[in-house]
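Okay, here's what each chain looks like letter by letter:
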Amino acid sequence: MKLQNRSQIEALAKFKGQGDLVTSFYLDTDKGRLNRKEIQLALKNLVSEARDRACALGAAKDKTASLLGDLDLIAEHGGQAIASSNAAGLAFFSHSLEKFWHALELPHGPRNRITFDTNFYIRPLAAILDKYSPICALLISRRESRWYDISMNEIKALDELESDVPRSVREGGFEGTAAKKIERRMDAHLQEHFKRTAQRTFELSKKHPFDWLFIGCEDNNCGDFEAHLHSYLRERVKARLKAHAGDSPAKVLQEVLEVEARLKKAEELETVRKLVAEIERGGLAASGLRDTIHRLNQFEVQSLVVTHNFSKPGRFCPTHKLFYLDELQCPICDKKTVVVQDVVDEAIETVLKRGGAVKHVASPSKLDRYGEIGAFLKYKS
Ligand SMILES: [Zn+2]
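What this report covers is the structure whose coordinates are included nearby.

Reading guide: rules and limits
- Residues numbered from 1 in each chain as written.
- Predicted model: local features only at pLDDT ≥ 70, side-chain atom pairs only at ≥ 80, totals over all residues.
- Heavy atoms only, no water.
- Helix = DSSP H or I, 4+ residues; strand = E, 2+ residues; numbered from the N terminus.
- Expected span 1.5 Å × (residues − 1).
- Pairing = 2+ DSSP bridges.
- Axes fitted to C-alpha atoms, helices over the stretch in contact; angles between N-to-C directions.
- Contact = heavy atoms within 4.5 Å.
- Donors = N, O, S within 2.8 Å, 3.2 Å for Na, K, Ca; no water.
- Tetrahedral: all angles 85-135°; square planar, octahedral: opposite > 155°, others 65-115°.
- Buried < 20%, exposed > 50% of the residue type's maximum accessible area, 1.4 Å probe, protein only.
- Patch = residues over 30% accessible without salt bridge, like charges linked within 9 Å, V, L, I, M, F, W, Y side chains within 5 Å.
- Areas by Shrake-Rupley, 256 points an atom, 1.4 Å probe, with all protein chains shown as cover.
- Salt bridge = Lys/Arg side-chain N within 4 Å of Asp/Glu carboxyl O.
- Lys, Arg positive; Asp, Glu negative; His and termini not counted.
- Charge placed at Lys NZ, Arg CZ, Asp CG, Glu CD.

Things to note about helix 8 (residues 249–280)
Two residues of an α-helix separated by three or four positions point the same way, owing to the 3.6 residues in each turn. A rise of 1.5 Å per residue sets the reference length of helix 8, with its 32 residues, at 46 Å; its end C-alpha atoms lie 46 Å apart and thus fit the reference within 8%. One or two positions beyond helix 8, positive phi appears at Gly282, with a value near 65°.

Details of the sheet that holds strand 15 (residues 357–361)
Read across the open sheet, the four strands follow the order 10-16-11-15; overall the sheet is mixed. Of all the strands in the sheet, the pair left with one neighbour each is strand 10 (285–287) and strand 15. Averaged over all adjacent pairs, the angle separating strand axes in this sheet is 15°, with direction ignored. As paired elements, strand 10 and strand 16 (residues 373–377) share three bridges and run antiparallel to each other. The residue of strand 16 that forms the bridge with Ala285 is Phe376. Across the sheet, helix 10 (residues 343–353) lies against strand 11 (301–307), strand 15 and strand 16, angled at about 145° from strand 11, the strand it touches most.

Some thoughts on the coordination of the zinc ion
Within the first shell, the zinc ion binds the protein through Cys317 (SG), His320 (ND1), Cys330 (SG) and Cys333 (SG), at distances of 2.1 to 2.4 Å. With four donor atoms in place around the zinc ion and angles of 104 to 120° between them, the coordination shape is tetrahedral. Linear spacing of the donor residues for the zinc ion on their chain is C-x2-H-x9-C-x2-C. Here Cys330 falls in the buried class, since its relative accessible area comes to 0%.

Details of the pairing of strand 2 (residues 89–95)
Here strand 2 lies mainly inside the structure; seven of its seven residues are buried. Here strand 2 shows two buried faces, one formed by Gly89, Ala91, Phe93 and His95 and the other by Leu90, Phe92 and Ser94. Examined bridge by bridge, strand 1 (residues 22–28) and strand 2 share six bridges and lie antiparallel to one another. Bridge pairing links Tyr26 to Ala91 in strand 2. Where strand 2 lies against strand 3 (residues 100–106), seven bridges are found, and the strand directions are antiparallel. The partner of Ser94 across the bridge, within strand 3, is Trp101. What sits between the antiparallel neighbours strand 2 and strand 3 is a turn of four residues, in which Lys99 has the positive phi angle 55°.

Comments concerning the environment of Ile373
Looking at where Ile373 falls in the secondary structure, it is placed in strand 16. Counting along the chain gives 81 residues from Ile373 to Thr292, while the straight-line C-alpha distance between them is 7.4 Å. Setting aside anything within four residues of it in sequence, one finds Ile373 in contact with Ser287, Gly288, Leu289, Thr292, Leu304, Val305, Val306, Phe310, Val344 and Leu367.

Quick word on a positive patch on the surface
The grouping of Lys180, Lys181, Arg184 and Arg185 at the surface amounts to a positive patch. In this fold, Lys180 is placed in helix 5 (residues 176–207). Looking at Lys180, the relative accessible area reads 57%, which means it is exposed.

Here's what the structure looks like:
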């Protein structure tokens, strides 16, 4: 199955191993950068290293057997997928004891890793999904309109429409009053074409929801057309395209991806700018890992802003479900805290489970100076 939307991640985030360890697997299979032999070797090494780790855990016999069962499945399915799939990345989630298995193809190569934990390691999925917004590209010529859906680097034709608009006034060789009359009639036809196109766009948006609408319009008529759009869709217009209705989907996709990358970069910069401004004025924001985790423990975090792949080990009180950077004892119950491999990851999962948002920012950015992580807060207690 391809990674396509947030609900897939939420389902995995909610999965409970009932205290058992479950296995998450990520493999970079980007054949643009790696050849098949290199990918196969990486899989082999990853699984063999994880086998040693599983045996060294000293868990009960059936639990160790469950982890080793996960690794057998990963080796088998991984080998098959490397041979048959063109995806840039693979992610498997397994809990053999409960016969749970979920495989995903990723549009972007993740860092290779196998983790054993009481829940699935989903952070790389959220980071990948964050890089993409569902986009509708609409290309309008004087007679024709075409809609494409672009998500996760793939383009799909959605719909097309043809209107009966006269090609040009001069075709008939009319002059003077006659030409003016025809021009007016043509203009009316064109406005009618725009109206139909706007109406169809609205219908499509209900069937295939998108975050962003990119429009390419012949003769720079975009402004005219947008006046016909529903206000809800006008807010989603993020860019104008140079592509034409007659262009190949591959050509349209290329331009859309370029524009998308530019917009995402600008969005990241804007998020960091807002966060830094809020931090500087002592407003509703946290900065750095220690403060952010403290705020998270207090249920104050609205959304998290984190540098891609930023990771730090930390500690956790299982009784109070609180995270710490380095407290060996929970300050509330004085009980010993347990180690978590990646407390940044735990923070991300916690925010997602509580329905908050997580924004990933590419490094270098201004966030580096604030400890690579921060949060917008709902309130400060
Ligand atoms: Zn505690």
